[in-house]
Amino acid sequence: MNRLLMVLLMSTAVSTAHTGDRLFPFYELTDEMLATIDIHDGFIDEWYDVGEPSMTVLDCRTWRDEVLPDPSNLDFRIWLAWHDESNRIFFAIAAIDDDYVNTHDRSSGNLGQTLMYEHDSIAFQLDADHSGGTGHRNETPAEEYPIIFGRTQQYTAVAQTASGPLLGEGTLGSGEPSSWKINPPYGDAGGGVHGENPTMWVIEFYVTPQNAWGEGPENTFFSDLEANQIVGFVAIVRDRDFTKGSIWKPSSIQDDENPFQLDRGYADIFVDGLLLPDRSTAVEDVTWGRIKASLQVD
């Protein structure tokens, strides 16, 4: 039995998940690994040296199971990682998409172009202290948000944009550049788009988790990440096809009357991730390599 599987099994026995009975691995990035990762180069090759993908399309399903996993329509791999000294969470996705739809332009004034979630994009929510939270209600006063949200953070990202940053705060994401949470040293993102029909799009970013909100970094209580810590999170992949789009979420999250429940910060239904200690195995799937090669990406 390999080391990763042993750690996951032992941790599952002593933990209670938000949703489901599985722990997704967050690999620890050593300083040497971190030095090789360039989140702005538009490629994910270096992530194979970190480890196997933490999540793939086979770990997910769409709302109401309207779309079954079909690599010819959409295939993706997600890496999750953490770095001890900088106290950052890292995210990387490589998706192969038959219809790539993204005209995001923060300065356009057109709401459909301004909001990141209207395009091929990802949403990422994090509950680093595993405290849960029942979610946002429209009538909730702003001062009660930290209680309702469970002190979670929400982000959206796109692979490219005509203006503004690639990382947005909130699960709709407008690419507002003024937020300190999505700017270095607390957050940053890069992306790339390669080929046509199919298209490979890549998003990489890092964020700094918080256990208590503040208006600025000087009065924000940041999470103290440690090996073997369990965190709550959810990764949502939005596939905005020209014909019919789909929203991919972890399979263990059940459907609800409100298909956008996760957009409201319902941390109680997040899935669980395990912050693994340092490891250095790397396995690349041959089939995925062939798909990438078929794109003739340099």
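## Notes on the overall build of the chain
Regarding its fold elements, the chain presents five helices and 15 strands. Every one of the 298 residues in the chain was classed for burial, and the buried ones make up 55%. When contacts within the chain are restricted to residue pairs at least 6 apart in sequence, those whose partners lie at least 24 apart make up 71%. Carbon together with sulfur atoms contributes 50% to the accessible area of the chain, which is approximately 13,000 Å² in total.

## Regarding the pairing of strand S10 (residues 199–207)
Burial analysis of S10 places nine of its nine residues in the buried class, the great majority of the element. Side chains of S10 alternate between two faces, with Thr-199, Trp-201, Ile-203, Phe-205 and Val-207 and Met-200, Val-202, Glu-204 and Tyr-206 buried alike. Where strand S9 (residues 187–194) and S10 come together, eight bridges link them in antiparallel fashion. What sits directly across from Gly-190, in S10, is Glu-204. Linkage of S9 to S10, two consecutive antiparallel strands, is achieved through a turn of four residues, within which Gly-195 is found at a positive phi near 80°.

## Brief notes about the pairing of strand S5 (residues 88–97)
Counting buried positions along S5 yields 10 of 10 residues, so the element is predominantly enclosed. Judged by which residues are buried, S5 turns out to be covered on both faces: Arg-88, Phe-90, Ala-92, Ala-94 and Ile-96 on one side and Ile-89, Phe-91, Ile-93, Ala-95 and Asp-97 on the other are all buried. Between strand S4 (residues 74–83) and S5, which pair antiparallel in sequence order, lie four residues; one of them, Asn-87, sits at a positive phi of approximately 60°. Pairing of S5 with S10, which is carried by nine bridges, proceeds in the antiparallel orientation. Bridge pairing links Ile-96 to Met-200 in S10.

## Considerations on the environment of Ala-123
Relative to the helices and strands, Ala-123 resides in strand S6 (residues 121–127). Residue class for Ala-123 comes out buried when judged on its relative accessible area of 1%. A C-alpha to C-alpha distance of 8.3 Å links Ala-123 and Gly-170, two positions 47 residues apart in sequence. With sequence-adjacent residues up to four places away left out, Ala-123 is seen in contact with Tyr-155, Thr-156, Thr-171, Val-234, Ala-235 and Ile-236.

## Considerations on the nonpolar core
Among soluble globular proteins, nonpolar side chains are generally buried collectively. By size, the foremost hydrophobic cluster in this structure holds 48 residues, and its most contacted members are Phe-76, Ile-122, Phe-124 and Phe-205. Sort the elements by how many residues they give to this core and strand S13 (residues 230–239) lands first, with six residues. Core analysis: the second largest hydrophobic core is formed by 22 residues, Tyr-27, Ile-44, Trp-79 and Val-202 among them.

## Quick look at the pattern of salt bridges
Side-chain pairing between opposite charges can occur once the charged atoms of the two side chains come close. Following the criterion strictly, the structure yields two salt bridges and no others. The partner of Asp-59 in a salt bridge is Arg-22, with the nearest N and O atoms 2.6 Å apart. Of this pair, Asp-59 sits in the loop between strand S2 (55–56) and strand S3 (60–62) while Arg-22 sits in the loop between helix H1 (3–13) and strand S1 (23–28), and the two are 37 residues apart along the sequence. For Lys-181, the salt bridge goes to Glu-169, with nearest N and O atoms at 3.5 Å. Placement of the pair is Lys-181 in the loop between strand S8 (167–169) and S9 and Glu-169 in strand S8, with a sequence separation of 12 residues.

## Some thoughts on a negative patch on the surface
Together, Asp-31, Glu-32, Asp-84, Glu-85, Asp-224, Glu-226 and Asp-278 make up a negatively charged patch on the protein surface. Positionally, Asp-31 belongs in helix H2 (residues 31–36). Accessibility expressed as a relative area gives 44% for Asp-31, which makes it partly exposed.

## Looking at the packing of aromatic side chains
Counted under the stated rule, the structure contains 13 aromatic pairs. Measuring from ring centre to ring centre gives 6.1 Å for Trp-180 and Phe-222, while their planes differ by 85°; the resulting arrangement is edge-to-face. Within this pair, whereas Trp-180 is found in the loop between S8 and S9, its partner Phe-222 is found in strand S12 (residues 221–222), the two being separated by 42 residues in sequence. Accessibility expressed as a relative area gives 19% for Trp-180, which makes it buried. Here the aromatic residues Phe-24, Phe-26, Phe-91, Phe-124, Phe-205 and Phe-233 are joined through ring pairs into a cluster of three or more. Residue placement shows Arg-88 over the ring face of Tyr-206; its charged tip is 4.0 Å from the ring centre.

Calculation criteria
- Residues numbered from 1 in each chain as written.
- Predicted model: local features only at pLDDT ≥ 70, side-chain atom pairs only at ≥ 80, totals over all residues.
- Heavy atoms only, no water.
- Helix = DSSP H or I, 4+ residues; strand = E, 2+ residues; numbered from the N terminus.
- Buried < 20%, exposed > 50% of the residue type's maximum accessible area, 1.4 Å probe, protein only.
- Contact = heavy atoms within 4.5 Å.
- Areas by Shrake-Rupley, 256 points an atom, 1.4 Å probe, with all protein chains shown as cover.
- Pairing = 2+ DSSP bridges.
- Core = buried A, V, L, I, M, F, W, Y, C linked by side-chain atoms within 4.5 Å.
- Salt bridge = Lys/Arg side-chain N within 4 Å of Asp/Glu carboxyl O.
- Patch = residues over 30% accessible without salt bridge, like charges linked within 9 Å, V, L, I, M, F, W, Y side chains within 5 Å.
- Lys, Arg positive; Asp, Glu negative; His and termini not counted.
- Charge placed at Lys NZ, Arg CZ, Asp CG, Glu CD.
- Phe/Tyr/Trp six-rings, centres within 6.5 Å; stacked < 30°, edge-to-face > 60°.
- Lys NZ or Arg CZ within 6 Å of the ring centre and 35° of its normal.

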